Amino acid sequence: MDSIEESLFKLDNIMIKYISALKVLETQLQIINDDFKYIKKYNPIEHIKARIKSADSIVKKLDKNNLDFTLENVEKYINDIVGVRIICGFESDVFDLIDIIRNSNIIHILKEKDYINNPKKSGYRSYHLVVEVPVELINEKVMVKAEIQIRTMAMDLWASLDHKLNYKNEYRTETISNRLRKISDELNRVDNEMLELLTLEEEQKLINGRDD
Ligand code: 0O2
């Protein structure tokens, strides 16, 4: 087996695949965003954030899963070296966007996790996709994995603050966990109410024969 230094050196060499995959994914999502805006007549995607996982976080994640730091394990088990987060306005935008991605010939879905209809015990809500995208390097044509998290602004507000509060803290008290779940439920209620208002406005536009 390679030493940690050798694995780190090899990881450096394969990073071009992941950096290129991120470029492919970001470009395709930007195209979808522009077209989606045109179809919806409002801006369904608020913003898109992207990152490449650091070598340090890759090593920690393997370690957490009791896996050795080898290139094979990195490529096989770490799905989120390329990570993209898409923040939408309404919950319906999230599911419309997922349907659009399902129909894409460039972004190929490998796995889906619906933490919107099945929130985590913590209160976390989001839709996760593990996807792969084609990357053409000079001497290699490969499919590269990436993780896409899609959620509303309200879900993102909760997840971002929960992250800041250190959600991986194993000593989090039951009181804090309960209060966080309650906040998540309140934000979910806001999402549902906003969606109801969107539907009402759209019905109103149809009745008045307006399309602006
Ligand atoms: P970070 O620091 O955000 O990058 P997998 O990633 O699929 O190998 P797992 O644990 O099955 O492993 O993935 P899961 O739970 O589907 O998704 C993990 C990611 O979702 C996390 O990434 C977080 O970004 C987010 N997440 C999941 N649960 C919570 C939660 O309770 N609170 C918050 N704020 N975020 C959550 P990382 O890499 O663990 O962390």
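Our structure's up above, just so we're on the same page.
Residues numbered from 1 in each chain as written. Predicted model: local features only at pLDDT ≥ 70, side-chain atom pairs only at ≥ 80, totals over all residues. Heavy atoms only, no water.

Re the nonpolar core
One recurring pattern in soluble globular proteins: nonpolar side chains tend to sit buried together.
So, point 1. Formed by 40 residues in total, the largest nonpolar core has its most connected members in Leu-25, Ile-86, Leu-97, Ile-101, Ile-107, Ile-148 and Ile-150.
So, point 2. Listing elements by their share of this core, those giving two or more residues are helix 1 (4-40), helix 2 (55-64), helix 3 (71-77), strand 2 (82-88), helix 4 (91-102), strand 4 (127-136) and strand 5 (141-152).
So, point 3. With 10 residues, helix 1 is the single largest residue contributor to this core.
So, point 4. Setting aside residues no more than four positions away along its own chain, Leu-25 makes contact with Val-82, Val-84, Ile-107, Val-133, Ala-146 and Ile-148.
So, point 5. In this structure, Tyr-115, Tyr-124, Trp-158 and Ala-159 belong to the second largest nonpolar core, which totals 7 residues. (Core = buried A, V, L, I, M, F, W, Y, C linked by side-chain atoms within 4.5 Å. Buried < 20%, exposed > 50% of the residue type's maximum accessible area, 1.4 Å probe, protein only. Helix = DSSP H or I, 4+ residues; strand = E, 2+ residues; numbered from the N terminus. Contact = heavy atoms within 4.5 Å.)

Here's the deal with the site of the ligand
So, point 1. Lys-61, Lys-113, Lys-120, Ser-122 and Asp-162 are the nearest of the 18 residues found near the ligand.
So, point 2. Taking 740 Å² as the accessible area of the ligand by itself, protein coverage stands at 79%.
So, point 3. Counting atoms within 2 Å of the grid points, the majority share of the ligand lands in the largest pocket.
So, point 4. Per element, the largest residue contribution to the shell around the ligand is 4 residues, and it comes from helix 5 (residues 153-164).
So, point 5. The class makeup of the residues in the shell around the ligand is 5 nonpolar, 4 polar and 9 charged. (Near = heavy atom within 4 Å. Areas by Shrake-Rupley, 256 points an atom, 1.4 Å probe, with all protein chains shown as cover. 1 Å grid on protein atoms, 1.4 Å probe; cavity = no way out; pocket = protein on both sides within 12 Å on 5 of 7 lines; lining within 4 Å. Sits in = over half its atoms within 2 Å of the grid points. Nonpolar A, V, L, I, M, F, W, Y, C, P; charged D, E, K, R; others polar.)

Overview of a positive patch on the surface
So, point 1. Residues Lys-64, Lys-111, Lys-113, Lys-120 and Lys-168 make up a contiguous surface patch of positive charge.
So, point 2. Checked against the element boundaries, Lys-111 lands in strand 3 (residues 108-114).
So, point 3. A relative accessible area of 41% means that Lys-111 is categorised as partly exposed. (Patch = residues over 30% accessible without salt bridge, like charges linked within 9 Å, V, L, I, M, F, W, Y side chains within 5 Å. Salt bridge = Lys/Arg side-chain N within 4 Å of Asp/Glu carboxyl O. Lys, Arg positive; Asp, Glu negative; His and termini not counted. Charge placed at Lys NZ, Arg CZ, Asp CG, Glu CD.)

Points about helix 5
So, point 1. For helix 5, spanning 12 residues, the distance from its first C-alpha to its last is 16 Å, which sits close to the expected 16 Å at 1.5 Å a residue.
So, point 2. Regarding helix 5, the residues found buried are Ala-154, Met-155, Asp-156, Trp-158, Ala-159 and Asp-162.
So, point 3. Check the buried side of helix 5 and you find it contacts strand 2, helix 4, strand 5 and helix 6 (174-207).
So, point 4. Looking one or two residues past helix 5, Asn-166 carries a phi angle of roughly 75 degrees, positive in sign. (Expected span 1.5 Å × (residues − 1).)

Examining the layout of surface pockets
So, point 1. When its volume is computed, the largest pocket comes out at roughly 1,600 Å³.
So, point 2. Mapped by element, the contributors of at least two residues to the lining of the largest pocket are strand 1 (45-52), helix 2, strand 2, strand 3, strand 4, strand 5, helix 5 and helix 6.
So, point 3. Across the lining of the largest pocket, the residue classes break down as 11 nonpolar, 11 polar and 21 charged. (Points joined across faces, edges and corners; volume = space filled by probe spheres on them.)

Section: the pattern of salt bridges
So, point 1. Considering all chains together, one arrives at 14 salt bridges under this definition.
So, point 2. Arg-172 serves as the salt-bridge partner of Asp-162, at 2.8 Å between the closest nitrogen and oxygen. Taken together, the residues Asp-162 in helix 5 and Arg-172 in the loop between helix 5 and helix 6 connect sequence positions 10 residues apart.
So, point 3. Between Glu-174 and Arg-181 there is a salt bridge, with its nearest N and O atoms 3.5 Å apart.
So, point 4. Here the residues in one salt-bridge network are Arg-51, Lys-53, Lys-61 and Asp-80, joined through shared partners.

Looking at the packing of helix 5 against helix 6
So, point 1. For the pair helix 5 and helix 6, interaxial distance at closest approach is 9 Å and the crossing angle is 160 degrees. With respect to their mutual orientation, helix 5 and helix 6 come out roughly antiparallel. As helix 5 runs across helix 6, the sense of the crossing is right-handed. Residues Ala-154, Met-155, Leu-157, Trp-158 and Asp-162 of helix 5 form the contact with helix 6, whose own contacting residues are Leu-180, Ile-183, Ser-184, Leu-187 and Asp-191. (Axes fitted to C-alpha atoms, helices over the stretch in contact; angles between N-to-C directions. Parallel < 35°, antiparallel > 145°, perpendicular 65-115°, else oblique. Left-handed = near helix turned anticlockwise from the far one by under 90°.)

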